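Here are the chains, one letter per residue:
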Amino acid sequence: MMLADFIRSNREAILVEWEAFARSMPTATAGMSATELRDHGGPLLDAIAADMEHAQSIGQQAEKSKGRGHNGLRLDRVGDQHGGDRVDSGFRLEQVVAEFRALRASVIRLWEKSVASSTNAADAAGVTRFHEAIDQALAQSVTQTDQMLSGYRDLFVGILGHDLRGPLSAIQIGADLLVESEETPDIARKVGARISNSARKMTRMVSDLLDLTRTRFGKSIPVELAPLDLGEVCRATVEELEIGLRDGAICYSTTGNLEGRWDAVRIAQVVSNLVTNARHHGKASAPIAVEVAGHDDGVVIAVHNEGEPIPATLVASLFEPLVQGERRRARSGMAEGNLGLGLYIVKQIAIAHGGTVDVESSATKGTTFRVRLPRDSSATHEAEAAGREP
């Protein structure tokens, strides 16, 4: 008997073993009926058996081994449905993978037992095709599971961030009223100032979360372009950041023509995030240098700090979300009120303006982040809105 025929003939026995394994994960299967646990087991076995009997050339087999098979559309559909429904039932990604591992083990164990107790010859080719089919269905199911989990996670973050804005705004207004009122005692004024400062930090974190969620859903950070002097915007931001710092903590300079069309609020966010990053990771005794330079093809915002260089292994992922937060926590050994989204947001703002960001870091020259921006990206935005190439 060929292995594909064996799977069809022993469908119920295989499903019984699979259900028993699924029951061993009570956190995910609590309250699920046998029908729900087997919901895709039968169709999955049928699709695997059909795939095993489908004619396959050596070239197709090689492509499938590299994850590029295209002759298992039925397997892909079953894998998609299984992964999606398992997420809705509360399964974690590793539990979905474990299910497939159990299914593979059950089929092979029952097959070997059948071969050992009969005159059937081992179907070596069938076993190979079975493993290929399982791997393809597993890959599709894992992909669907991961996409749905990521989607739910991003949706949760987006909703949470949006709903937090209201109460944070109320806290901010109340704290500012305490600070500004002449009738407020000194001790209450100090407490109000701390509350206001904390509320501002939380508001920035919420804004970063919303920006993260927006970009994770494939959208760009929104920008409102308007004529402005980039040097003045950056200068005002630096002066605000200098409050509470020692004298000379930030050295600011400008050169060239800095006129153009940008989003002033977003540019201020870029400078703030880069200076904050430099303050956290730079040498405390050395000043942070912020330079804005105008060139024929655009402008460059450069933020430089002395101190330990960025490890080469980290540079490639430096602008990914949460990387900086993990790096900072690893250094300090404790959690901080920072999500590690600063550099990620900087990159997304640069992209939204049609620009780029890069970093150079060494023990001798220190660390310099450079944001390169065209003077006007209006044409690019208009082309994107119209759905054509810029």
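In this text the structure is predicted, and so the values were computed from the model without any measurement. (Residues numbered from 1 in each chain as written. Predicted model: local features only at pLDDT ≥ 70, side-chain atom pairs only at ≥ 80, totals over all residues. Heavy atoms only, no water.)

Here we take up the overall build of the protein. Looking only at helices and strands, the protein features 16 helices and seven strands. Burial status across the protein gives 42% buried among its 390 residues. Excluding contacts between residues fewer than 6 apart, the proportion of contacts in the protein whose partners are at least 24 apart in sequence is 72%. With an accessible surface of roughly 20,700 Å², the protein has 56% of that area assigned to carbon and sulfur atoms. (Helix = DSSP H or I, 4+ residues; strand = E, 2+ residues; numbered from the N terminus. Buried < 20%, exposed > 50% of the residue type's maximum accessible area, 1.4 Å probe, protein only. Contact = heavy atoms within 4.5 Å. Areas by Shrake-Rupley, 256 points an atom, 1.4 Å probe, with all protein chains shown as cover.)

Here helix α2 (residues 11-23) crosses helix α5 (residues 41-53) at 125 degrees, and the two axes come no closer than 10 Å. Taken together, the axis directions place α2 and α5 in an arrangement best described as oblique. α2 and α5 meet at a crossing whose hand is right-handed. Contacts between α2 and α5 involve R11, I14, L15 and W18 from the former and G41, G42, P43, L44, L45 and D46 from the latter. Counted by class, the contact of α2 with α5 contains six nonpolar, two polar and two charged residues. (Axes fitted to C-alpha atoms, helices over the stretch in contact; angles between N-to-C directions. Parallel < 35°, antiparallel > 145°, perpendicular 65-115°, else oblique. Left-handed = near helix turned anticlockwise from the far one by under 90°. Nonpolar A, V, L, I, M, F, W, Y, C, P; charged D, E, K, R; others polar.)

Read from one edge of the open sheet, five strands run β2-β4-β5-β7-β6, paired in mixed fashion. Single-partner strands in this sheet number two, and they are β2 (250-255) and β6 (356-362). Neighbour-to-neighbour, the strand axes of the sheet open up by a mean angle of 15 degrees, direction not taken into account. Note that strand β5 (residues 298-305) and strand β7 (residues 366-373) share seven bridges and pair antiparallel. Bridging from a neighbouring strand, H304 pairs with T368 of β7. Together, β2, β4 (288-295) and β5 form the strand contacts of helix α11 (residues 230-242), whose direction differs from that of β2 by roughly 175 degrees. (Pairing = 2+ DSSP bridges.)

In this section: helix α12 (residues 264-281). An α-helical turn contains 3.6 residues, so a residue and the one three or four places further along point in the same direction. The terminal C-alpha atoms of α12 lie 26 Å apart, and with 18 residues this matches the ideal 26 Å at 1.5 Å per residue to within 8%. For α12, the buried fraction is high: 13 of the 18 residues fall into the buried class. (Expected span 1.5 Å × (residues − 1).)

The subject of this paragraph is the pattern of salt bridges. Throughout the structure, instances matching the rule amount to nine salt bridges. For D5, the salt bridge is made with R8, and the minimal N-O distance between the two is 3.8 Å. With D5 and R8 both in helix α1 (residues 3-9), this residue pair falls three residues apart, about one helical turn. Its relative accessible area of 33% is what places D5 among the partly exposed residues. A salt bridge links R109 to E17; its shortest N-O distance comes to 2.4 Å. (Salt bridge = Lys/Arg side-chain N within 4 Å of Asp/Glu carboxyl O.)

The next subject is the packing of aromatic side chains. A full pass over the atoms with the stated rule returns two aromatic pairs. Their ring planes at 65 degrees and their centres at 5.3 Å tell us that F6 and W111 sit as a pair that is edge-to-face. Taken as a pair, F6 in helix α1 and W111 in helix α8 (residues 93-116) lie far apart in primary sequence, 105 residues in all. With respect to class, F6 is no different from W111; both count as buried. (Phe/Tyr/Trp six-rings, centres within 6.5 Å; stacked < 30°, edge-to-face > 60°.)

Within the largest apolar cluster, 41 residues are counted, with the highest numbers of intra-cluster contacts made by L230, I301 and V371. Listing elements by their share of this core, those giving two or more residues are α11, β2, α12, β4, β5, α15 (342-352), β6 and β7. When neighbours within four sequence positions are excluded, V371 is seen to be in contact with V270, L274, V299, V300, I301, V346, A350, T356 and V357. Counting residues in hydrophobic clusters, the runner-up holds 30 residues, among them F6, I48, M52 and F100. (Core = buried A, V, L, I, M, F, W, Y, C linked by side-chain atoms within 4.5 Å.)

On the surface, I171, I187, V191 and I195 cluster together into a nonpolar patch covering about 340 Å² of accessible area. Ranked by residues supplied to the nonpolar patch, first place goes to helix α10 (residues 186-216) with three residues. Relative to the helices and strands, V191 is located in helix α10. Here V191 falls in the partly exposed class, since its relative accessible area comes to 40%. (Patch = residues over 30% accessible without salt bridge, like charges linked within 9 Å, V, L, I, M, F, W, Y side chains within 5 Å.)

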